[in-house]
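The primary structure of each chain is shown beneath.
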Amino acid sequence: MTSQTEIGEKGTAAAETRRAARAASTGRAGDRVFAIATRGSGILVLVIMAAIAVFLIWKALPALRSDEANFVTSQEWSPDSTPARFGIAQLAFGTVISSFLALLMATPVAIAIALFISFYAPRRIAGGLSFVIDLLAAVPSIIYGLWGLQFFVTKMDDVAVFLNDNASWIPLFGGDSVGGRSILTASVVLAIMILPIISSISREVFQQVPQANIEAALALGATRWEVIRMAVLPFGRSGMVSAAMLGLGRALGETIAVAMVLSTASGITLHILKEGGNTFAANIANTFAEAGANGRGALIASGLVLFIITLIVNMAARAIVARRKEFV
Amino acid sequence: MAKRIEVSGLHAYYGQVHAIEDISMSVEPRSVTAFIGPSGCGKSTFLRTLNRMHEVIPAARVEGKVLLDSEDLYGSEVDPVAVRRVVGMVFQRPNPFPTMSIYDNVAAGLKLNGMRGKSRLDEVVERSLRGANLWNEVKDRLNRPGAGLSGGQQQRLCIARAIAVEPQVLLMDEPCSALDPISTLAIEDLIAKLKEHYTIVIVTHNMQQAARVSDRTAFFNIAGTGQPGRLIEVDDTSKIFTNPVEKATEDYITGRFG
Ligand SMILES: Nc1ncnc2c1ncn2[C@@H]1O[C@H](COP(=O)(O)OP(=O)(O)O)[C@@H](O)[C@H]1O
Ligand SMILES: [Mg+2]
C-alpha cells in the first residue's frame, strides 16, 4: 500500500521536475536544440519500426494469399511449389518445445550457480567464477553451434540411443530413428547457451537483496539455506523471472546454433530424440537463400509469427512479475 | 525462560580494527539493561556479540566469553544458529521481510523451528502480535504486506516476530531511533511489559529513554577515534543518572561530553 502511494508520489514529483525542466528549456537555445534532437530521435525510432513492420507485412501478404494450406495449422513447407502449401505448425512446435526444454534445463542450474557464487563460494573463487560466467554470456552463438555440431551431436547419439532403450516408457523418449541431431540436442545446446545470461542476471538480483533482510533471517536463527529461502529467493523472484525470460527470448530467436545442430525434417512429433524437427529461425536460415519470391514472403510471414510469440512470452512474464507487485 | 548473561574479557574485531576492548559485565534476567554512550563506541558491536551476529560480517571475530546461564555461547561445539534461536534481536531500522504478509512475518521464525499446523500457528501469531501491542491494529489485515505498515508498526511487527519464538533474551539496537515520539512511547510501554518474561538489552542514544525503561545502565566510551570502545561503568539506572562513580559518565549524562 505505502509502496504504491510512494511510487505514485515519486511519479508526480518526477512529472513536476520534468514540467519545470520543460518550462526552463524554452529559454535557452542549447536546451531547445537538445529537446528537438531527443524528441526527433524518439520519433525516428518509432517511424523506422513502423516502416519495418509495414514492409514485412507487405512482403508477406502475397505469399499468404497464395497459400492453399492453412497457414496456422499446416505442417507442410512448400511455398515455392504450385499450388503453394505451407504452414507454421511444425515450426512453432519445434521452436516452443526446444526453447522451453532449454529453459527448463538451464534455469535451475543457472540459479544454483548464482546462489553458489553469492552465498557459498569463498570470495576469490566467487570473483573468478562470476567473471567466467559473464564471459560465457558474451560468446557468439556461432561458436555454440560449431561446438554443438562438431562435438556434441556425436556424443548425443549415444545418449539418445541409451535413453530410447532404457526410458522409452517416457513418451518424450520413445519413437524410432533416434539420434544426435534431434530437438533434445538442440535444446541442450540452447540451454548451455542461455545458462550464463540467466546466471549472470540472477547473481546481480541476489546482490540487491538488502543486508537488513538477510540479517533479519539470520537473527531468527536461520541457516544459510533458510536465509536463501526466506529472504533471498522471494525477494529475487521477479528478477529471476526476468532473467529466465531473457534467456527464453534468446532461445526462441536463436538461429545459427539450432540450424547447425538440427537435421531438419518435417512433421510434428513429441519424440524429442528423433532426428529432425525445425524452428522458425533455423528454417529461415536454412531455406532463405534458395527460396523464390513466394518462399521469401512465406518465411517473412513466419518471422512475424515468431515475433508475436516472443511478444506474448514477454507479456506473460510481465504479468507474472506484476501479480505480486504489492509485495515488492 | 529468561536467562542471565555473564560476559568476561570480551574483545571484538573487524579485521584489523579493534572495536571493543575487554568488556566484563553481567545482565540480570527479567530486567532491562540499557547501553548508552557516544556514537562509534561499540554499543552495537557489543550487542551483536551477544547473539553471535557479529561474526556474520566478513573478517569479524570475537575473543572472550559470553555465558548464558553458565553455557558459553562461544564454546567450540556451540552452533551460532542455535544461539540466535534463543537470543532474539530487533534492529535499528525496522526490517520486516518485504515479500511476506504480516502473518508470515510473525510466523517466519516459528516455521524455522518446524512449527506446522494452521491452528497452532494462528494462535502463536495472535499471541505474539498481542504481545507486541500490535494485534488490534492489524488483526483485519494479516494478509497484507508487512512493509505496508507505518514505521512504528513495522518495528512492533519485528518485535512480534522476535518474541514469537519465545527467546530467552531479547536484544534491541536503538529500536526507536527511526520512529516518531508516539511510536517510541508505544515501544517503551511494550518494553516495560516484555521484561516480565524476557531478559532485555537495549541500546539507546536517548538518555531519557534509558532512564525511563531500564533497570541497569551501562556506559561505554572511546578514548579517541581509532581507539577501541570500553565499558566505563555499569550500575543501577538510578545510580548512573544521579550519582555515577566515573567522571566521564557524569560528563556524558549531563551533556558536558566532548
Ligand atoms: N561492518 C563494520 N566494518 C568495520 N568496522 C565497523 C563495522 N561496523 C562498525 N565498525 C566500527 O566499529 C566501531 C564501533 O561501531 P558500533 O558498534 O556501530 O558503535 P555504536 O553502535 O556505539 O555507534 C566504530 O569505530 C565503527 O566504525
Ligand atoms: Mg549503533
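Structure report, in brief. (Residues numbered from 1 in each chain as written. Chains lettered and ligands numbered in written order. Predicted model: local features only at pLDDT ≥ 70, side-chain atom pairs only at ≥ 80, totals over all residues. Heavy atoms only, no water.)

With that out of the way, let us pick up the interface of chain A and chain B. The extent of an interface is frequently quoted as the accessible surface area lost upon association of the parts. Between chain A and chain B, the residue contacts involve 23 residues of the former and 27 residues of the latter. When the two sides are added together, the surface that chain A and chain B hide from each other amounts to roughly 2,200 Å², 63% of it contributed by carbon and sulfur. Remark: the boundary between chain A and chain B carries two salt bridges. For the salt bridge of Glu-226 of chain A with Arg-85 of chain B, the shortest nitrogen-to-oxygen distance reads 3.1 Å. In this structure, the connection of chain A to chain B is made through four residue pairs in polar contact (both at pLDDT 80 or more). Looking at the side of chain A that touches chain B, the elements that each hand over two or more residues are helix H7 (211-219) and helix H8 (224-253) of chain A. Considering only residue class, the side of chain A that touches chain B consists of 14 nonpolar, four polar and five charged. (Contact = heavy atoms within 4.5 Å. Buried area = accessible area lost by both parts, 1.4 Å probe. Salt bridge = Lys/Arg side-chain N within 4 Å of Asp/Glu carboxyl O. Polar contact = N/O pair within 3.5 Å; in protein donor to acceptor, adjacent residues only side chain to side chain. Helix = DSSP H or I, 4+ residues; strand = E, 2+ residues; numbered from the N terminus. Nonpolar A, V, L, I, M, F, W, Y, C, P; charged D, E, K, R; others polar.)

Let us now look at the side chain of Ser-99 of chain A. Looking at the element boundaries, Ser-99 of chain A is found in helix H3 (residues 89-120). Here Leu-252 of chain A takes part through its backbone nitrogen, which lies 3.4 Å from a polar atom of the side chain of Ser-99 of chain A.

It is worth spelling out helix H3 (residues 102-112) of chain B at this point. With nine of 11 residues buried, H3 of chain B is to be regarded as a mostly interior element. Three or more residues of H3 of chain B are buried, namely Ile-102, Tyr-103, Asn-105, Val-106, Ala-107, Ala-108, Gly-109, Leu-110 and Leu-112 of chain B. In the core, the buried residues of H3 of chain B are packed alongside H8 of chain A together with helix H2 (80-86), helix H4 (118-131), helix H5 (135-138) and helix H6 (151-164) of chain B. Looking at the residues trailing H3 of chain B, positive phi occurs at Gly-114 of chain B, about 85°. (Buried < 20%, exposed > 50% of the residue type's maximum accessible area, 1.4 Å probe, protein only.)

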